[in-house]
Amino acid sequence: MAKEKKIGDSVGSLMEYRNLAWKCVRCGLCRGVNPEKLIQSDHWENCPTGTKYKFEAYFAPGRHELLRALTVDDPEVEITEKLKEIVFSCTSCGHCQENCYPIKGLEPMNVGLALKQHLIKLGHGPLEPHHILIQSILNYDNPWMSPRAARGKWAKKLKDLKIKDASKEKVEVLYFPGCNDSYVPDLKEVSQTTARVLALGNVDFGILGAKERCCGSTAFRVGAVEMFEKYKKANVKQLNGLGIKTLVTACAGCYSTFVNEYTGELDFEVLHIVEFIARLVAEEKLTFKNELDLKVTYHDPCHIGRYGGLYDEPREILKALPGVDFREMDRIREYSLCCGSGGGVKTGYPEVAMDTAKMRVREAKDTGAETIVTCCPFCEMNLKDGANAEPGAMQVVDLMELVSEAL
Amino acid sequence: MVRAYKQTFEYGLTVDTLSEVRDKLVEALGAEWVSDDPAILTCYFRDFTARVGKWPNLVVLPSTTEEVQAVMRIAHEHRIPVVPYSTGFNHGGTALPQWGGILVDLKRMDKVLAVDEEGMTITLQSYLGNARVYTVANEYFALEGLPLKPAIPMTMGSASTLCNYVSRGFSGIAGKHGGHSENIVNMTWVLPDGEIVKFGPGSFPNVGDVPVQFGPGPDISGMFISADGMMGICTEITIKLFPEQAHEKLYYLVPNSEGIGALTDCIDFFYEISQQNLMLFIYKMCHTDALVMLPEEYNPADFMHMFPEHALTLILCGLTEEELALKEEIMLEMAESCNLELANIEMLAQMIGVSMHKDMFKKIYQAGKVMKPKGSFQWIAGYYRLDRVPELMEDYKKIVMRYWKPSDPQISYALAMSGTHIQGPLPFGRATTIEFDFWWDPGNPEQVKRAILTLREMGEMMMDHGVMFAKNLVGTYELLPRLGVYYDLVCRAKAMTDPLHIMHPDVMPVGDGYSQQSE
Amino acid sequence: MKEQAREKLSQIVGPEHVSGDPDKLSAYFRGAVPEVPLTAVAPQDADEVVALVQYASEEAVPLFTLKDAHFPEPFPESGGVILDFRRMNGIDGVDKRNLTAHIQRGVTWDQLGEALEREGLKTLMPAAATSPYVLDNLVARVIMRSAARYPEVQVANLRVVLADGRVHRTGSHALDEDGCDSKDDGGPNISRWYIGAEDIYGIPVRGSIWIYPAPKAETYLAFGYDDLAPALSAIRNIPRKEICDAALVMNSRYLRRLAPDLPGSVPPWLLVLGSEGHPRQVEFYADVCRKEATALGGKEEADLGEALGGAFRRVWYRPEQSHGFYTFLSRVSEFHDLVSSRVEGEGLAELFVSHGYGRAAWCEFDYLEPYPQDLEGTYEAVNELLLEKGAYFDRPMGKIAERFYAGNVAYLEQIRRVKNMMDPKRILNPDQLVKGV
């Protein structure tokens, strides 16, 4: 589904999109939920940065104008701080392209990514906060400035599982937690549960532990594509050398990066853990014993949703969990509202990320749910921040945490 | 003798003034809602039409009528042009500044202010889109089990309802409920000097939004309709809603004859069905409409022969299935008497790859595909007599053939033009909106030139036939001076309302200094 | 009037069509002829009207055109020239296919009705006509009986003589009067200024109006109610289902005035539902209307329905002493209570016409003989109350006009500005809309 709309396609240079600029007709379909899918007027907004700043420039049509202004023979605008803000505050959620491509054949998200890459190429980026992240990846193989040696520590509690070291032993499946699920304390339960589920499913799996490197998603999303390409090359060599058949991850960002950005270069399939679990549930190989007694709603992350097409699997899992009262929000699936943190926006423009998260939390509350469930560490972290800033309690958890509780 | 009233003007916009003006705007609206950054400004001077504007000098985003007033007062004090801008999806290029100045982007004004089930009305701000209005209206009821809906135009669900109404748009259900200008109840306008004027029954104490058209007394509000921003800024509107009957069905009727006979058969049917209390919606399509909808992998040229040149899309509705069945029975008798027959809609839907469900006409998403072939889509439309449409169509074809030669391998007549659309018609078939569309690549200078020339010639041709333009579009506003006394009165009205000529100057040729946009 | 002026007028319209005779002038006034300089002229065509306007402009003489049966009071002290359009009674054309009739100002309802009937056509019929002339009523937005379905403005185009003597052809007629008859202008809809304007911006001399095919079938169903509330529910709810064209409620006084020869007793409140169109549809809707009306407690009065058939083919006139306004259907009872409690005696003849698919109602309260002791005082007092409670006067006249327009000063100011622009010398019906305009 993503490929049908060129979401996740490789992004060319800015000049390659030049002719698209003239074809934007300002119809505004990019600025809100698909009219045919609109359920409530209050839940129409779809563009985090456009919703926040409102000027035309921050929406897809504005980006097309900047594309035009920068690619004419005599560029019509200089690169100002404002222009940088416009470009780098895009979360690359893909919602605009989801609406636009089938109708107009345009790629506003890809244009946005190309603009980021273009500015960096001209020396106007990355932004300082992003620069820190990228340096950390180069120096520590993760954006958290945490030591490499600590990467596999999440697995210490799982000695009973006797998890294999994939760098030393051949395994069929590599479990790839990613940087967030490896390092962020609140998210370690995700990686631990994922490992347990794989074990329960009698999967022959291993991990790389301290040898695992960042997939490079962060670098790519903020536009540092040259750096990303070099990083990717090293990763491809390492991962292909393992002889695995499948890479499984619980991180939406890693999933999307491997599926879309590493296309054609990996010798194995890439799955998100929800695909795995949904399969196990359907085959009745996984049963849940504990009643959860929760009213939940599900937030579709952009990177397994619009980028990956995984909408049904998380829902099947939620519906299989005992005691879960599942309610849908209005903006779901292809028309899910981005949490606001993607594309480096959480670091670069925290107020955009926060406002968007709060908006999403309010929508979640409208369903009567007490818990937001998601499958992406970035979404989880940002929505938690949003929930904490909004009145009334709202929990935010990863789906794997609920799976863990129910097992 | 026509005495065209012209006025001269000068603008007080300098670099120094700009700085002072900016500070005042910041004070009125807040710094985050005022910008003069080039990266912001460059996004407002161009749209998909053949018209080109200039960069504004400032862009502001007010959120209330009072903030719009504050902006206008500042502009008035310093004699700076002001241009209102909503979604920017303006088919006449009339949201593009012609003289720079302050562009008032209305995106923050997107609230539904009230819905009244008693009067069946909804009151909205400027930016709210059709789909949102539809969604809100549907939550209210004319009677139990009978939800309400707005009359929305056949355009994007994202287009602004208020702007479509005040620019005198028309909906697909105009044949039943009249054009937009007849469905406006109240309006709030901020005038060029900052005065706020409210029109309509709801603007009088204790009356409420009683949905009686026009008045009291003379309908002064008329001069603001289809003024395209040159008389002020509309910040609120109350429009009528209509009961949405539960049972709706879409039909596709095709003539048994061909050529001009097919068109006249369609027209006969238009007359027949308009004069009964039967239909909700009717539209005459062309074969190229269907081709627009074809999936990418299909070559339109291979499928042309499969679609009729003229075909009708019709929606009937009823409160009960029984009522709908009765209407269908009567309709089919009429169709037969007009030599039309029912086509298999499911097969058609499969062929053209789009859902022909009636809901398509509610929130309008798929309609955007009409722009896909070349990137842009221009149209010209006006009100005309149904029975004279065939002669108009013949002259239209001659113009098309002059500019888009069938022998051209890249641009053929069949693929360049989408033919004659008949929308509406207005109630009882007294007039109809006749629309001519064509596609062009806005990035191709040669096609742009051809498009402009075609539009201008079409505009003149239509006027020669006595067609009154439905909206101000490229190819039409330059022809306003041909309207004699009317044109002079418009110039005077403009001078009366906006003596400093700051309100969207030169959007229409009603003042000195108007210059033809060069190609 | 000075002899020179009379001479000039006579040159324009002919001496036999100029009169200052009080006996002849009395036809234009309900009470005594005002003691101001007045002359009546009867032009025969638009050219004569143009010449009259040019004369008036040159000599700064006010012109007055009659829109109702009589001029409202008080009449301006300036006096002036009254234009009587009775001679401009030509039907210039009937377009059967496009359902438009082109009529001059002096064409009457009866005259037009007969001409159209011969062609199998008709107009909508007014529920509250204020004069026998078709165009006067339509330009004044008089409510039509089938307002449940049809919009109140039934005029497409006008030919208007402006204060400077030019002629403005509105809508598509700016291009071609013989072409399309579409009401919208080529740019801003300034033509709407003339509707409801009491001729202060220009004098319409010809109009293209909407006509309708004589229906293949029509039905008028009548239902009696003891109480007003359920009858009002009927004219609110039934039109919302789009199954009738006309939905109105009248009290027994109104009914008796409409059809004085009705036999037997009549119910306190009568609901009438009218539907026309294809025979099968009419029959279907009639059944539905019956079910709906009786479910609300109405008792079908088949005989009354038949007896009223004739009344439904006539114009209904609104007497000069009456209150006419719009409000929500949910508020009609409130206004009924308000008015009836203020008027002594047998009460008023009351009519409520559903408007816009049951969105609102035209409310009419007519004073009939025997009048209240202090008719004038009662009338003004009730008007004040109506105003205070939010009755919507779409055509406020007389003393109420100033008070009503004072509720929206900015709107009145716009009216004034347009007046100053269109008629700077104030020769067209000065003070007729509201004092000072």
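### A few points about the overall build of chain B
- Tallying secondary structure elements over chain B gives 16 helices and 19 strands in all.
- Taken across its 519 residues, chain B has 63% of its residues classed as buried.

### Observations concerning the sheet that holds strand 3 (residues 82-85) of chain B
Residue and element names in this part refer to chain B.
- Sheet architecture is open: four strands sit in the order 1-2-4-3, paired in mixed fashion. The two strands at the open ends of the sheet, each matched to only one other strand, are strand 1 (34-35) and strand 3.
- One ladder, built from four bridges, connects strand 3 with strand 4 (residues 102-105); its direction is parallel. Of the residues in strand 4, the one forming a bridge with V83 is L103.

### Re unusual backbone geometry
All names here are of chain A.
- Residue P126 is bonded to the preceding G125 through a cis peptide linkage, with omega at 0 degrees.
- Turning to its location among the elements, P126 is positioned in the loop between helix 5 (108-121) and helix 6 (128-140).
- Of note in this structure, K6 is not a glycine but carries a positive phi near 60 degrees.
- Looking at the element boundaries, K6 is found in the segment before helix 1 (48-53).
- The backbone of R333 shows a phi angle near 55 degrees, a positive value even though the residue is not glycine.
- Mapped onto the secondary structure, R333 falls in the loop between strand 7 (324-327) and helix 14 (345-348).
- Looking at R333, the number of C-beta atoms within 10 Å reads 17, which means it is partly exposed.

### Quick notes on the interface of chain A and chain B
- Each partner contributes to the interface: chain A provides 37 residues, whereas chain B provides 40 residues.
- Every element with two or more residues in the side of chain A that touches chain B is listed here: helix 2 (60-71), helix 3 (81-88) and helix 4 (95-104) of chain A.
- Among the elements that make up the side of chain A that touches chain B, the one with the highest residue count is helix 2 of chain A (five residues).
- Considered class by class, the residues forming the side of chain A that touches chain B number 17 nonpolar, nine polar and 11 charged.

### Some words on the arrangement of the chains
- Contact analysis covers two pairs of chains in contact, and the most contacts occur between chains B and C.
- The smallest C-alpha distance separating chain A from chain C is 24 Å, and no contact links them.

### Points about the interface of chain C and chain B
- Opposite the 73 residues of chain C that make contact, chain B presents 73 residues.
- Elements that contribute at least two residues to the side of chain C that touches chain B include exactly strand 9 (167-169), strand 11 (212-213), helix 6 (228-240), helix 8 (279-295), strand 16 (322-328) and helix 13 (409-422) of chain C.
- Partitioned by chemical class, the residues of the side of chain C that touches chain B number 31 nonpolar, 24 polar and 18 charged.

### Quick word on the domain arrangement of chain A
Residues and elements named next belong to chain A.
- Annotation of chain A at the domain level lists domain 1 (3-125), domain 2 (147-278) and domain 3 (285-406).
- Once you take the C-alpha centre of each, domain 2 and domain 3 turn out to be 22 Å apart.
- Each partner contributes to the interface: domain 2 provides 29 residues, whereas domain 3 provides 26 residues.
- Only helix 7 (178-183), helix 8 (188-200), helix 9 (217-221), helix 11 (252-261) and helix 12 (273-282) provide two or more residues apiece to the side of domain 2 that touches domain 3.
- Looking at which element gives the most residues to the side of domain 2 that touches domain 3, the answer is helix 8, with seven residues.
- Among the residues forming the side of domain 2 that touches domain 3, the class breakdown is 15 nonpolar, nine polar and five charged.

### Quick word on the environment of B:E322
Residue and element names in this part refer to chain B.
- When you line up the elements, E322 lands in helix 10 (residues 321-337).
- For E322, a count of 12 C-beta atoms within 10 Å gives the class exposed.
- Separated by 99 residues in sequence, E322 and M223 place their C-alpha atoms 45 Å apart.

### Considerations on the confidence of the model for chain A
- On average, residues of chain A score 93 in pLDDT, and 100% of them reach the 70 mark or higher.
- When pLDDT is averaged over each helix and strand of chain A, the minimum, 88, is found for helix 12 of chain A and the maximum, 98, for strand 8 (residues 371-374) of chain A.

### Notes on the packing of helix 8 of chain A against helix 17 (residues 399-406) of chain A
Residues and elements named next belong to chain A.
- Orientation of helix 8 relative to helix 17, taken along the N-to-C sense of each, is 55 degrees, at an axis distance of 8 Å. Taken together, the axes of helix 8 and helix 17 are oblique relative to one another. Here helix 8 runs over helix 17; the crossing is left-handed. Seen from helix 8, the contacting residues are E189, V190, T193, T194, R196 and V197; seen from helix 17, they are M400, E401, V403 and S404.
- In terms of residue class, the contact of helix 8 with helix 17 is built from four nonpolar, three polar and three charged.

### Comments concerning the packing of helix 6 of chain C against helix 8 of chain C
All names here are of chain C.
- Where helix 6 meets helix 8, the closest approach of the two axes is 10 Å, and the angle between their N-to-C directions is 145 degrees. For the crossing formed where helix 6 meets helix 8, the hand is right-handed. Note on element contacts: helix 8 touches helix 6 through C289, E292 and A293, opposite A234, N237 and I238.
- Taken together, the residues of the contact of helix 6 with helix 8 break down into four nonpolar, one polar and one charged.

### So, the sheet that holds strand 5 (residues 269-272) of chain A
Residues and elements named next belong to chain A.
- The five strands are arranged 1-3-2-4-5 in an open sheet whose pairing can be described as parallel. The outermost strands of the open sheet, each flanked by one partner alone, are strand 1 (164-165) and strand 5.
- Here two bridges tie strand 1 to strand 3 (residues 205-207), and the two strands are oriented parallel to one another. If you follow D165 over to strand 3, its bridge partner there is I207.
- Its contacts with the sheet place helix 11 against strand 4 (246-249) and strand 5, and it is angled at close to 155 degrees to strand 5.

Rules behind the numbers
- Starting afresh in each chain, residues are numbered from 1 along the sequence in its written order.
- Whichever chain is written first is A, and whichever ligand is written first is 1; the rest continue in order.
- With pLDDT at 70 or above as the cut-off, local features in this predicted model cover only qualifying residues; side-chain atom pairs require 80 or more to be listed or tallied, and sums for whole chains, interfaces and linings still use all residues.
- Here a strand is any run of E in DSSP of at least two residues, a helix any run of H or I of at least four, and the numbering for each starts at the N terminus.
- Exposure classes come from backbone-placed C-beta atoms, where a residue is buried if 20 or more other C-beta atoms lie within 10 Å of its own, exposed if 12 or fewer do, and partly exposed in between.
- A strand pair is defined by DSSP finding two or more bridges across the two strands.
- C-beta atoms are placed from the backbone for every residue, and two residues are taken to be in contact when these atoms lie within 7 Å.
- In this count, Pro and Cys sit with the nonpolar residues alongside Ala, Val, Leu, Ile, Met, Phe, Trp and Tyr, while Asp, Glu, Lys and Arg are called charged and the others, Gly among them, polar.
- Here the limits of each domain have been adopted from an automatic or database domain assignment.
- As a per-residue measure, pLDDT reflects the predictor's confidence and takes values from 0 up to 100.
- Every axis in this analysis is a line fitted to C-alpha atoms, fitted for helices over the stretch in contact. Angles between the N-to-C directions lie between 0 and 180 degrees.
- In this scheme, roughly parallel covers angles under 35 degrees and roughly antiparallel covers those over 145, while 65 to 115 is roughly perpendicular and the rest are oblique.
- Two helices that cross are described as forming a left-handed crossing if the nearer one is turned anticlockwise from the farther one by less than a right angle, and a right-handed crossing if clockwise.

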